[in-house]
Amino acid sequence: MPSMKKLNSSAFSGSKLKSVNMPKLTTVGIYAFQYNRQLEEVHFAILTAIDQLVFNGCSSLKTIDIPKIVSIGNSAFANCTSLEEMEFPASIRSIDTNAFGNDTSLHTVIFRSSTMNYLAYNAFNKCTNLTDIYVPWAEGDVGGAPWGATNATIHYGGEWEV
């Protein structure tokens, strides 16, 4: 799979893959890995967009390496109940509705981008253990329950070693 550049919709939906490393992948279709309950880690070196529901229900997913990601679609990583930490690279610009919804083990989110264009009001909906969100933005730019994470504290500005 290392030389694959395009992955069609539902290509590995419900499969038993444990790890995915696709350094040349540029396109991934909706539902591509949905309900792959044994998948633990994914690595995409140049992928810039993850469409809706691509990893929905991947309940064993713990490691997500997407260093060039720009946009994450609706419910792309929803119900990934083993995911504990998510770090977004400086390239991220858009995270859609419920993108990480119901990721009940998620406790830390780190943003490296200071130029987000869109972050859905419920991107982290029902992430009941999300306690820390680190953002490089100015204090006061976020109001209410941050993107659906009702228990989270927002840490503003700077570079973090978490």
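Before any of the text, the structure's been laid out above.
Residues numbered from 1 in each chain as written. Predicted model: local features only at pLDDT ≥ 70, side-chain atom pairs only at ≥ 80, totals over all residues. Heavy atoms only, no water.

**Q** How do you make sense of the sheet that holds strand 8 (residues 85-88) when you look at a structure like this?
**A** Backbone hydrogen bonds are what pair the strands of a sheet, in a parallel or an antiparallel way. Reading across from one edge, 8-10-12-13 is the order of the 4 strands in this open sheet, with parallel pairing throughout. Of all the strands in the sheet, the pair left with one neighbour each is strand 8 and strand 13 (153-156). Ignoring strand direction, the axes of neighbouring strands in this sheet form an average angle of 10 degrees. Two strands pair when backbone bridges link them, and strand 10 (residues 108-111) and strand 12 (residues 132-135) are joined in this way by 3 bridges, in the parallel orientation. Counterpart to Ile110 in the pairing with strand 12 is Tyr134. (Pairing = 2+ DSSP bridges. Helix = DSSP H or I, 4+ residues; strand = E, 2+ residues; numbered from the N terminus. Axes fitted to C-alpha atoms, helices over the stretch in contact; angles between N-to-C directions.)

**Q** What am I meant to see in unusual backbone geometry here?
**A** Note: most peptide bonds trans; most residues except glycine with negative phi. The phi dihedral of Asn79 falls on the positive side, at around 60 degrees, and the residue is not glycine. Residue Asn79 is classed as partly exposed on the basis of its relative accessible area of 30%. The residue Asn98 is not glycine, and still its phi comes out positive at about 55 degrees. With respect to the helices and strands, the residue Asn98 is situated in the loop between strand 9 (94-95) and strand 10. (Buried < 20%, exposed > 50% of the residue type's maximum accessible area, 1.4 Å probe, protein only.)

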